[in-house]
Amino acid sequence: MIKNFKWLFLVSLTFIACSEDDEVITYDSTDGLPLTSGTADFSKYVALGDSFAAGWSDNALFIEGQKGAYPNIIAQQFALVGGGAFTTPFMADNIGGLLLGGNVIQGPRLYFNGTAPVPVAGPPTTEVTTPLTGSFNNMGVPGAKSFHLLAPGYGNAAGVAAGTASPYFSRFSSSSTATVLADALSQTPTFFSLWIGGNDVLGYATSGGAASNPITPTATFDAAYNGLASQLAAGGRKGVVANLPYVNTLPFFTTVPTNPIPGLSPTQAGQLNFLFGGINSALAGASLPPRFATIVADDGNPETTERNPLLIIDESLPNISTQITAALTATLGPTTAAFVGGLYGQARHASNATATRDYILLPAQTVIGTTQSGAPASFSTIGVTYPMQDPTTLTAAEALEIKNATDSYNITIQAAATANGLAFVDATAIMNQLSSTAGITANNFTLTANFVTGGAFSLDGVHPSPRGYALIANKFIEAINAKYGSNLKGVNLGNYRILFPQNPANF
């Protein structure tokens, strides 16, 4: 839109000078000048990536979410300067979820019912074994890691059940042996975007550091990413790449505090301080640092009572079950002492200190304070007397592993961008801004990483909301403008919703 009188005057001169055969010039650009693609050619744009590129939102892939994916928004702006059609492998509905041979393998999307995120009603109708025809510009594949984009057979529906193929790529791959990269290059693109690598650490993070979903080794990532970048940029093809934010800064990891437990009764606080103090003494006797905090009692004033940290399992700790059992046998008896020893051998209280910050995963909010089945009553309150188990927490040591891997990946991404002359988006900096108190303000809207209320993220706590995707698209466009001399303006964030409603009819 035209926002000052200078450009109104210039536009008026343009119309005066035009004859019926003259072209009317549009000034919907960053600088008020006629729109230009600069040195880039956007006539055939392909986008490679993972669930972010696909438009995943609210824990599912569905049509309206796909329409608002950041590559789709970018393509709409490219169309203003000669960009061609941009096709997407749409799902079958706005329910979300997947069927494999008629069986549900991925559930429906979430919506906010006023209290919490819950699944929408209705069965998924997108069948993995029903392939789509044609080629697709949006090659975003939910769940894809860096090396998956180069893996033959990643789109083979026969491998989905075994976990060797993607149910999403299987719907639109050109053949059972095709690779994502080959299918992208077969379209002879003139411009590309590549944002990949988040899943190389995300599965490890969201599982609480499970060994069954390891971080991709740096050497593996480097080889895959450099192969992708060099082949995509071959012949001087232009494109844009983005680095990776630290996944533990996403709302999935930051929403639940490490100290959500209110002050306990004086009696219970005294009992636990006696117990934890005894274990700390046993640790000191073994020349080990203390693991347990002093439990705070309720002082009757919610505004002044401190909150207590969660009790968690940390498998990186030395197991001192035997020492705990020996220290408590005289007080608790051999049976109870043995149970407590086994329960607390690798337990500690969660830390919120900057250098040793633990992260409590979003799903944990439904179990904190509930009762652990089968545990003695005195040791059954989850997070208070019964430790939060490993899948519900990401320890500081695990978060450091993720940070180190991400830092290494980002060095590779930046180097590949430089070596191949590509536009570069600093997604790490963007996420750091969103995670700050100030957030990011654009078009009179402020986005933050706060869960539900922040506007930038959807209800799964990992993937962006429609407005968040619009912000990402604008950041990509800014980088493209800066590198290639185009002057695309981007989109107004106010035109994109924060949350999808329950009823698709209200989209």
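### Quick word on the side chain of Arg171
For step 1, the next point in the chain: By the secondary structure assignment, Arg171 is in helix α5 (residues 169-172).
For step 2, the next point in the chain: Put simply, Arg171 is tucked away with no salt bridge, and the nearest opposite charge, on Glu127, sits 8.6 Å away.
For step 3, the next point in the chain: Non-local contacts of Arg171, meaning those with residues more than four positions away in its chain, are made with Pro89, Phe90, Met91, Leu98, Thr126, Glu127, Val128, Pro131 and Leu132.

### Some remarks on the packing of helix α11 (residues 321-332) against helix α12 (residues 334-344)
For step 1, the next point in the chain: It is at 7 Å that the axes of α11 and α12 come closest, and there the two elements cross at 150°. With respect to their mutual orientation, α11 and α12 come out roughly antiparallel. At the point where α11 passes α12, the crossing takes the right-handed sense. Between α11 and α12, the contacting residues are Ser321, Ile324, Thr325, Leu328, Thr329 and Leu332 on the first element and Pro334, Thr336, Ala337, Ala338, Val340, Gly341, Gly342 and Tyr344 on the second.
For step 2, the next point in the chain: A breakdown of the residues in the contact of α11 with α12 according to their chemical character gives eight nonpolar, six polar and no charged.

### Topic: helix α14 (residues 427-435)
For step 1, the next point in the chain: Of the positions making up α14, those classed as buried are Ala427, Thr428, Ile430, Met431 and Leu434. Down the axis of α14, the sector holding all buried residues measures 160°, keeping them to one side.
For step 2, the next point in the chain: Looking at the buried side of α14, the elements it contacts are β7 (191-195), α13 (396-419), β13 (423-425), β14 (440-442), β15 (445-447) and α15 (466-484).

### Looking at the sheet that holds β13
For step 1, the next point in the chain: Judged by pairing direction, the sheet is parallel, and its five strands sit side by side in the order β6-β1-β7-β8-β13 without closing on themselves. Of all strands in the sheet, those with a lone pairing partner are β6 (138-140) and β13, marking the two edges. Mean inter-strand twist for the sheet, computed between neighbouring axes without regard to direction, equals 15°.
For step 2, the next point in the chain: Helix-sheet contacts for helix α4 (residues 70-78) involve β1 (45-49), β6 and β7, and the interaxial angle to β1 is about 165°.

### Notes on unusual backbone geometry
For step 1, the next point in the chain: For Ser287, which is not a glycine, the phi torsion comes out positive at approximately 60°.
For step 2, the next point in the chain: Topologically, Ser287 is positioned in the loop between α10 (266-285) and β9 (311-313).
For step 3, the next point in the chain: Phi at Val452 takes a positive value of approximately 70°, unusual for a residue other than glycine.
For step 4, the next point in the chain: Mapped onto the elements, Val452 comes out in the loop between β15 and α15.

### Looking at the pairing of strand β3 (residues 103-106)
For step 1, the next point in the chain: Pairing of strand β2 (residues 98-100) with β3 involves three bridges; the strand directions are antiparallel. Bridged to Leu98 within β3 is Gln106.
For step 2, the next point in the chain: Connecting the antiparallel pair β2 and β3 is a turn made up of two residues, with Gly101 showing a positive phi of about 65°.

### Some remarks on the environment of Gly55
For step 1, the next point in the chain: Within the element layout of this structure, Gly55 appears in the loop between α2 (51-54) and α3 (63-67).
For step 2, the next point in the chain: Assessed through its relative accessible area of 0%, Gly55 is described here as buried.
For step 3, the next point in the chain: Taking C-alpha positions, Gly55 is 24 Å from Val81, a pair spaced 26 residues apart along the chain.
For step 4, the next point in the chain: What Gly55 contacts, discounting residues up to four positions off in sequence, is Leu61, Gly65, Gln66, Ala69 and Tyr469.

The rules we used
Residues numbered from 1 in each chain as written. Predicted model: local features only at pLDDT ≥ 70, side-chain atom pairs only at ≥ 80, totals over all residues. Heavy atoms only, no water. Helix = DSSP H or I, 4+ residues; strand = E, 2+ residues; numbered from the N terminus. Buried < 20%, exposed > 50% of the residue type's maximum accessible area, 1.4 Å probe, protein only. Lys, Arg positive; Asp, Glu negative; His and termini not counted. Salt bridge = Lys/Arg side-chain N within 4 Å of Asp/Glu carboxyl O. Contact = heavy atoms within 4.5 Å. Axes fitted to C-alpha atoms, helices over the stretch in contact; angles between N-to-C directions. Parallel < 35°, antiparallel > 145°, perpendicular 65-115°, else oblique. Left-handed = near helix turned anticlockwise from the far one by under 90°. Nonpolar A, V, L, I, M, F, W, Y, C, P; charged D, E, K, R; others polar. Arc of directions from axis to C-beta. Pairing = 2+ DSSP bridges.

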